[in-house]
Amino acid sequence: MIVVGIGCRRGCPAARIGAAVGEALERVEMTPERIDALAAPAFKAEEAALSETATALGVPLRWIGRASLEAVQPLCPTKSSTAAEATGLAAVSEAAALAAAGRNARLLLPRIARDGVTCAVAHGDGA
C-alpha cells in the first residue's frame, strides 16, 4: 500500500495540496495511479480541500486519529517545532502516511514542505 500523508495550514486551497502531492510523487518517481490513499490527521477533517484533493486523484482519504499519530512519532525523521506548537505533534504528514500504510510501514519520502502544505510518502502492507 502506498499512502501520501498530508498536513496543511487552515484554509489551504485544494490546488496547493494537489501541487504538493504531485511534487512528492515526482520525487519518488510515481504517478498518481500508483497511490492507494491519502491520509490526514482527523483534527483537519473540516478542511474541505483535503477531501477535494482525494476526489480529484480518485483515491480514498483516511482520517488518522491522534492516538495513531502519536504512536508513530518515534518513526518520523522530520521534527517541526512549528507543527508541534500548532498541533502538539512534531510530525504530521509523516505520521499520517506511516499510520495509514499499516504494518511494516516505512517512508519512501520524508516530509516535503510547499506553500503551506507538507507531504510524505509511505509504503506498508496496509493491515
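What you see is a predicted model, and the numbers here were worked out from it, not measured in a lab. (Residues numbered from 1 in each chain as written. Predicted model: local features only at pLDDT ≥ 70, side-chain atom pairs only at ≥ 80, totals over all residues. Heavy atoms only, no water.)

I keep staring at the overall build of the protein chain and nothing clicks. Help me out?
A count of helical and extended segments in the protein chain gives five helices and five strands. Ordered by position in the sequence, the α and β elements of the protein chain form the string β-α-β-α-β-α-α-α-β-β. Over its C-alpha trace the protein chain gives a radius of gyration of 13 Å, about what one expects of a compact globule, namely 14 Å for 127 residues. By its C-alpha atoms, the protein chain is 35 × 30 × 20 Å across when sized along the principal axes. Looking at the protein chain residue by residue over its 127 residues, the buried ones come to 48%. At a minimum sequence separation of 6, the contacts of the protein chain that also span at least 24 residues come to 58%. When the accessible surface of the protein chain is split by element, carbon and sulfur atoms take 50% of a total near 6100 Å². Taking the average place of the 13 positive charges on the side chains of the protein chain and the average place of its 13 negative ones, the gap between the two points comes to 4 Å. (Helix = DSSP H or I, 4+ residues; strand = E, 2+ residues; numbered from the N terminus. Rg over C-alpha atoms; globule rule 2.2 N^0.38 Å. Buried < 20%, exposed > 50% of the residue type's maximum accessible area, 1.4 Å probe, protein only. Contact = heavy atoms within 4.5 Å. Areas by Shrake-Rupley, 256 points an atom, 1.4 Å probe, with all protein chains shown as cover. Lys, Arg positive; Asp, Glu negative; His and termini not counted. Charge placed at Lys NZ, Arg CZ, Asp CG, Glu CD.)

What should I look at first to understand the layout of surface pockets in this one?
It is a probe the size of a water molecule, rolled over the atoms, that shows where empty space is left. Approximately 570 Å³ is the volume found for the largest pocket. Elements with a contribution of two residues or more to the lining of the largest pocket: β1 (2-8), α4 (81-87), α5 (93-101), β4 (106-114) and β5 (117-123). For the lining of the largest pocket, the element with the most residues is α4, which contributes four residues. Residue classes in the lining of the largest pocket are distributed as 10 nonpolar, eight polar and eight charged. (1 Å grid on protein atoms, 1.4 Å probe; cavity = no way out; pocket = protein on both sides within 12 Å on 5 of 7 lines; lining within 4 Å. Points joined across faces, edges and corners; volume = space filled by probe spheres on them. Nonpolar A, V, L, I, M, F, W, Y, C, P; charged D, E, K, R; others polar.)

Looking at this structure, I do not really get the side chain of Thr-87. What am I missing?
Inspection of the secondary structure puts Thr-87 in helix α4. For Thr-87, a relative accessible area of 18% puts it in the buried group. Of the polar contacts made by the side chain of Thr-87, one reaches the backbone nitrogen of Leu-89; its length is 3.0 Å. Not counting residues up to four positions away in its chain, the partners in contact with Thr-87 are Phe-43, Arg-66 and Val-92. (Polar contact = N/O pair within 3.5 Å; in protein donor to acceptor, adjacent residues only side chain to side chain.)

Everything listed here is a matter of coordinates, which is why it stays silent on function.
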